[in-house]
Amino acid sequence: MGAGGRMSVPPSSRKSEVGPLKRSPYSKPPFTLSQVKKAIPPHCFQRSVIRSFSYLVYDLIVASLFYYVATNYIHQLPQSLSYVAWPIYWALQGCVLTGVWVIAHECGHHAFSDYQWLDDTVGLIFHSLLLVPYFSWKYSHRRHHSNTGSLERDEVFVPKQKSAIRWWAKYLNNNPLGRFVTITITLTLGWPLYLAFNVSGRPYERFACHYDPYGPIYNDRERLQIYLSDAGVLAVTYGLYRLALAKGLAWVICVYGGPLLVVNAFLVMITYLQHTHPSLPHYDSSEWDWFRGALATVDRDYGILNKVFHNITDTHVAHHLFSTMPHYHAMEATKAIKPILGEYYQFDGTPIYKAIFREAKECIYVEPDEDDQDKGVYWYKNKF
């Protein structure tokens, strides 16, 4: 499982930095996964069908209320006010539907209930409603959890080494306007581009696409379920087409398309900020092991949205260590493991709007430190 038998925390060329930018230790932790698990109350690993459904039903009730208000009252406003009301609806509804997305994500981890068939049924329905190919994403995301922090095998937001950076990157990322353009494109188009073209994903020997049952992402046992995922997305797309014929394309864009853009933006932002941070190491095959890779993630603070997003934002370290744990126990588990993890636990409370621009500036490529003997450990850098 790679090297990394050293127990001490090696010196860092950035050891003078303090707070959230202080580099995480990268040597083999002085504790085991079993010890971390023993620190968590046993009930945190128990999944409740009733409790899981209660969160889903609550989200759907709130989303229905927003839908009712938007479709019954916004058109009664003066046109100038409607231009303000619709974006407010998109933002609010998008936040709530991101919570629905997170619950379907839990289904993909078998964290919703003790019944795999129920998890997959719920996940397929609600991810399809958000145009997500459920099983396709489930299997690629599972490989992300199995290979987090690996430069060769991780599946999403895999950082490039300096030699692979395009010539225009230093001009695009080294000025505020370029970073704004990059972030805007990433948040608006990043999710569909990842699903369709594997943009920012792990490089494969041939074209990789989440909609292709015979693509390199999947094995023979998974291909039938990829067809099922495609059928779910196609069914919802056809439903939207029929709605557009009945209600008009503008209605579909305003009621469904706007909130979906917000969901996709939050999904990309959350994932990007969980795995992109100056303090986080990445490893090549000479150094990587699962435990250190799983620890190479960071919890963030989204304020009130932490609850709306079912704490996927501020309990991500615990989630990577124990992905079948339901979200409603993750906060308690996080508090329990912090004393065990010590400096290996990473949290950054920087406001999100500042953090995403800072990471876009600081985290352009990864390289080992020149004066470090551990050449298999890579850090984010931005100097050209």
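Rules and cut-offs
Within each chain, residue numbers correspond to sequence positions counted from 1 in written order. Thresholds applied to this predicted model are a pLDDT of at least 70 for local features of residues and 80 or more for the giving and counting of side-chain atom pairs; totals over whole chains, interfaces and linings are not thresholded and use all residues. Where side-chain values are given, they derive from all heavy atoms of the structure, hydrogens and water being excluded. Note on method: axes are straight lines fitted to C-alpha atoms, helices fitted across the in-contact stretch only, with angles between N-to-C directions ranging 0 to 180 degrees. Strands are runs of DSSP state E lasting at least 2 residues, helices are runs of H or I lasting at least 4, and numbering of each runs from the N terminus. The cut-offs work like this: below 35 degrees is roughly parallel, past 145 is roughly antiparallel, 65 to 115 is roughly perpendicular, and the gaps in between are oblique. By definition, any crossing whose near helix is turned counterclockwise from its far helix by less than a right angle is left-handed, and any crossing with a clockwise turn is right-handed. Between two residues, a contact is recorded if the distance between any of their heavy atoms is within 4.5 Å. We call Asp, Glu, Lys and Arg charged. Ala, Val, Leu, Ile, Met, Phe, Trp, Tyr, Cys and Pro are nonpolar, and the rest, Gly among them, are polar. Each nonpolar core is a collection of buried residues, namely Ala, Val, Leu, Ile, Met, Phe, Trp, Tyr and Cys, held together in the definition by side-chain atoms within 4.5 Å. Note on classification: 1.4 Å probe, protein chains only; a residue is buried when its accessible area is under 20% of the maximum for its type, exposed when over 50%, partly exposed between these limits. UniProt positions are given in the numbering used here, feature names are shortened, and annotations may be inferred rather than shown by experiment. Like charges within 9 Å and nonpolar side chains (Val, Leu, Ile, Met, Phe, Trp, Tyr) within 5 Å are joined into patches, using only residues over 30% in relative accessible area that form no salt bridge. The accessible surface values rely on the Shrake-Rupley method and a 1.4 Å probe; as for residues, cover is taken only from the protein chains in view. By salt bridge we mean one thing: a side-chain nitrogen of Lys or Arg within 4 Å of a carboxyl oxygen of Asp or Glu. For a helix, the expected span equals 1.5 Å multiplied by the number of residues minus one. Residue-level confidence of the predictor, termed pLDDT, takes values from 0 up to 100.

1. Quick look at the packing of helix α3 (residues 79-108) against helix α9 (residues 249-275)
Between α3 and α9, the least distance of the axes is 7 Å, while the angle of their chain directions is 55°. For the element pair α3 / α9, the angle class is oblique. Between α3 and α9 lies a crossing of right-handed hand. Of the residues in α9, those in contact with Trp86, Tyr89, Trp90, Ala91, Gln93, Gly94, Cys95, Leu97, Thr98 and Trp101 of α3 are Ile253, Cys254, Val255, Gly258, Pro259, Val262, Val263, Phe266, Leu267 and Ile270. Class assignment of the residues belonging to the contact of α3 with α9 gives a composition of 16 nonpolar, 4 polar and no charged.

2. What about the nonpolar core?
Counting 54 residues, the largest nonpolar core has Trp101, Trp191, Leu273, Tyr302 and Phe309 as its most contacted members. Looking at this core, the elements that each hand over two or more residues are α2 (49-73), α3, α4 (116-129), α5 (134-146), α7 (176-197), α9 and α14 (352-362). The element contributing the most residues to this core is α9, with 11 residues. Apart from the residues lying within four places of it in its own chain, the contact partners of Phe309 are Cys95, Thr98, Gly99, Val102, Phe266, Ile270 and Tyr302.

3. A short note on the UniProt feature "domain: Fatty acid desaturase N-terminal" (unreviewed entry) in the protein
Residues annotated in UniProt with the feature "domain: Fatty acid desaturase N-terminal" (unreviewed entry) correspond here to residues 25-62. The span residues 25-62 is 53% helix and 0% strand, and its two end C-alpha atoms sit 42 Å from each other.

4. Let's talk about a nonpolar patch on the surface
A contiguous nonpolar surface patch, about 550 Å² in accessible area, is contributed by Leu177, Phe180, Val181, Ile185, Leu189 and Phe357. Of the residues forming the nonpolar patch, the biggest block, 5 residues, is contributed by α7. By secondary structure assignment, the location of Phe180 is in helix α7. Judged by relative accessible area, which is 47%, Phe180 ranks as partly exposed.

5. Here we look at α2
Its 25 residues place the ends of α2 36 Å apart at the C-alpha level, agreeing with the 36 Å of an ideal helix rising 1.5 Å per residue. Residues of α2 that are buried: Ser52, Leu56, Asp59, Val62, Ala63 and Ala70. If you follow the buried residues of α2, they end up packed against α3 and α4.

6. Side note on the UniProt feature "domain: Fatty acid desaturase" (unreviewed entry) in the protein
Mapped onto the present numbering, the UniProt feature "domain: Fatty acid desaturase" (unreviewed entry) falls at residues 85-346. Counting secondary structure, residues 85-346 comes out at 60% helix and 2% strand; the distance between its end C-alpha atoms is 38 Å.

7. Points about the environment of Tyr134
Residue position: Tyr134 is located in helix α5. Assessed through its relative accessible area of 0%, Tyr134 is described here as buried. Ignoring anything within four residues of it in the chain, the contact list for Tyr134 reads Ala104, Cys107, Gly108, Asp119, Asp120, Gly123, Leu124, His127 and Ser229.

8. A closer look at the confidence of the model for the protein
Here the protein shows a mean pLDDT of 93. Residues at 70 or above account for 95%. The model gives residues 1-16 a pLDDT under 50, and that stretch makes 37 contacts with residues more than four places away or in other chains.

9. Examining the packing of α7 against α9
Contact geometry for α7 and α9: axes closest at 8 Å, N-to-C directions at 95°. Classified by the angle between their axes, α7 and α9 sit roughly perpendicular to one another. Residues Thr186, Leu187, Thr188, Gly190 and Trp191 of α7 form the contact with α9, whose own contacting residues are Leu261, Asn264, Ala265, Leu267, Val268 and Met269. Looking at the contact of α7 with α9 residue by residue, the classes come out as 7 nonpolar, 4 polar and no charged.

10. Focus on the environment of Gly190
Inspection of the secondary structure puts Gly190 in helix α7. Look at Gly190 and you get buried, because its relative accessible area is 18%. Here the alpha-carbon distance between Gly190 and Ser200, two residues 10 residues apart in the chain, equals 8.3 Å. Each residue touching Gly190, except ones within four places of it in the same chain, is listed here: Ile185 and Val268.

11. Description of the pattern of salt bridges
Where charged atoms from two side chains of opposite charge come close, those side chains can pair. Under the definition given, this model contains 15 salt bridges. Between Arg202 and Glu155 there is a salt bridge, and its shortest N-O distance comes to 3.8 Å. Linking Arg202 in the loop between α7 and α8 (223-247) with Glu155 in the loop between α5 and α6 (169-173), this pair joins segments that are 47 residues apart in sequence. A relative accessible area of 1% means that Glu155 is categorised as buried. The residue Asp348 makes a salt bridge to Arg358 at a minimum N-O spacing of 2.6 Å. Taken together, the residues Asp348 in strand β3 (residues 347-348) and Arg358 in helix α14 connect sequence positions 10 residues apart.

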